[in-house]
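Chain by chain, the residues:
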Amino acid sequence: MALTSFLNVNGYDYPCPRYGFQYIISTVVDTDRNVNGAVVGQKIGRDLYKLDSLQWAGLYPEQRRMILRSLEPFFVPVTFEDFRTGKPVTITMYPGDRTGKPLFADKITHMVTQDEMLSFHLIDCGW
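Residues numbered from 1 in each chain as written. Predicted model: local features only at pLDDT ≥ 70, side-chain atom pairs only at ≥ 80, totals over all residues. Heavy atoms only, no water.

Q: Explanation requested: the overall build of the chain in the structure shown.
A: Broken down by element type, the chain carries one helix and 10 strands. Secondary structure of the chain in N-to-C order comes out as β-β-β-β-β-β-α-β-β-β-β. The dimensions of the chain, computed from C-alpha atoms along their principal axes, are 70 × 35 × 25 Å. Out of the 127 residues in the chain, the part that is buried amounts to 31%. Working note: accessible area of the chain is about 8100 Å², and carbon and sulfur atoms make up 54% of it. Taking the average location of the 13 positive side-chain charges in the chain and that of its 14 negative ones, the two points are 2 Å from each other. (Helix = DSSP H or I, 4+ residues; strand = E, 2+ residues; numbered from the N terminus. Buried < 20%, exposed > 50% of the residue type's maximum accessible area, 1.4 Å probe, protein only. Areas by Shrake-Rupley, 256 points an atom, 1.4 Å probe, with all protein chains shown as cover. Lys, Arg positive; Asp, Glu negative; His and termini not counted. Charge placed at Lys NZ, Arg CZ, Asp CG, Glu CD.)

Here it is as structure tokens:
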């Protein structure tokens, strides 16, 4: 399987996000402490991913709508490069809060004509 873009969400190809994007891999552990106070635990399930601080600047309304439409329904398949292996991986994720900052609006219709920023996180469902 090859990547068709930096990120594919629910069949939609996304452009590369701006500087500041981060991959986060979380290892979930069933943790406790023993009678000596030492941490004891075991890994639970697989490592979980978070695509953190996804941001795009200067989007036009069509681009913004395409990205937001790709997040419907709430749980979506996401394909991206697993930065540990360099190979594509597809997992089910959900978006965090979606934040938009308008930049320009049409003087007559008052509709946004370009965005300063669109940002959100994609969080692994663990399925």
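Q: Explain the pattern of salt bridges here, please?
A: In a structure, side chains of opposite charge can pair up when their charged atoms sit close to one another. Under the definition given, this model contains seven salt bridges. A salt bridge links Lys 50 to Asp 52; the nearest nitrogen and oxygen atoms lie 3.5 Å apart. Take Lys 50: its relative accessible area is 27%, and that puts it in the partly exposed class. If you follow the salt bridges from partner to partner, you end up with Lys 43, Asp 47, Asp 82 and Arg 84 in one network. (Salt bridge = Lys/Arg side-chain N within 4 Å of Asp/Glu carboxyl O.)

Q: Is there a simple way to explain the pairing of strand β5 (residues 39-43) in this structure?
A: The two faces of a sheet get side chains in turn, since along a regular strand they alternate between them. Both strand β4 (residues 29-33) and β5 contribute to a ladder of five bridges, which runs antiparallel. Bridge pairing in β5 links Thr 31 to Gly 41. (Pairing = 2+ DSSP bridges.)

Q: Hey, could you run me through the nonpolar core in this one?
A: In globular proteins that are soluble, nonpolar side chains generally tend to be buried together. The biggest cluster of nonpolar side chains holds 21 residues, and the ones touching the most others in it are Leu 7, Leu 51, Val 78, Phe 80, Phe 120 and Leu 122. Elements with a contribution of two residues or more to this core: β1 (7-9), β6 (48-57), α1 (61-70), β7 (76-82), β8 (87-95) and β10 (112-124). With residues near it in sequence (within four places) discarded, Phe 120 still touches Tyr 14, Leu 51, Ser 53, Leu 54, Trp 56, Ile 67, Leu 71, Gly 96, Asp 97 and Arg 98. (Core = buried A, V, L, I, M, F, W, Y, C linked by side-chain atoms within 4.5 Å. Contact = heavy atoms within 4.5 Å.)

Q: What is the right way to read the packing of aromatic side chains from this model?
A: Ring pairs (aromatic) are described by centroid distance and by the angle formed between their planes. With the rule as written, the count across this model stands at 11 aromatic pairs. Here the aromatic rings of Tyr 23 and Phe 80 are separated by 6.4 Å at their centres, their planes lie at 35 degrees, and the arrangement is tilted. On the criterion of sequence distance, the pair formed by Tyr 23 in strand β3 (residues 22-26) and Phe 80 in strand β7 is long-range, its members being 57 residues apart. For Tyr 23, a relative accessible area of 25% corresponds to the partly exposed category. Judged by relative accessible area, Phe 80 falls into the buried class, the value being 1%. The interplanar angle of 20 degrees and the centroid separation of 4.6 Å between the aromatic rings of Tyr 23 and Phe 83 together place this pair among those described as stacked. Remark: Phe 83 occurs in the loop between β7 and β8 and Tyr 23 occurs in strand β3; sequence separation between them is 60 residues. Ring-pair connections join several aromatic residues into one group, and the members of that group are Phe 6, Phe 21, Tyr 23, Tyr 49, Phe 80 and Phe 83. (Phe/Tyr/Trp six-rings, centres within 6.5 Å; stacked < 30°, edge-to-face > 60°.)

Scope: geometric values only; no functional claims are made or implied.
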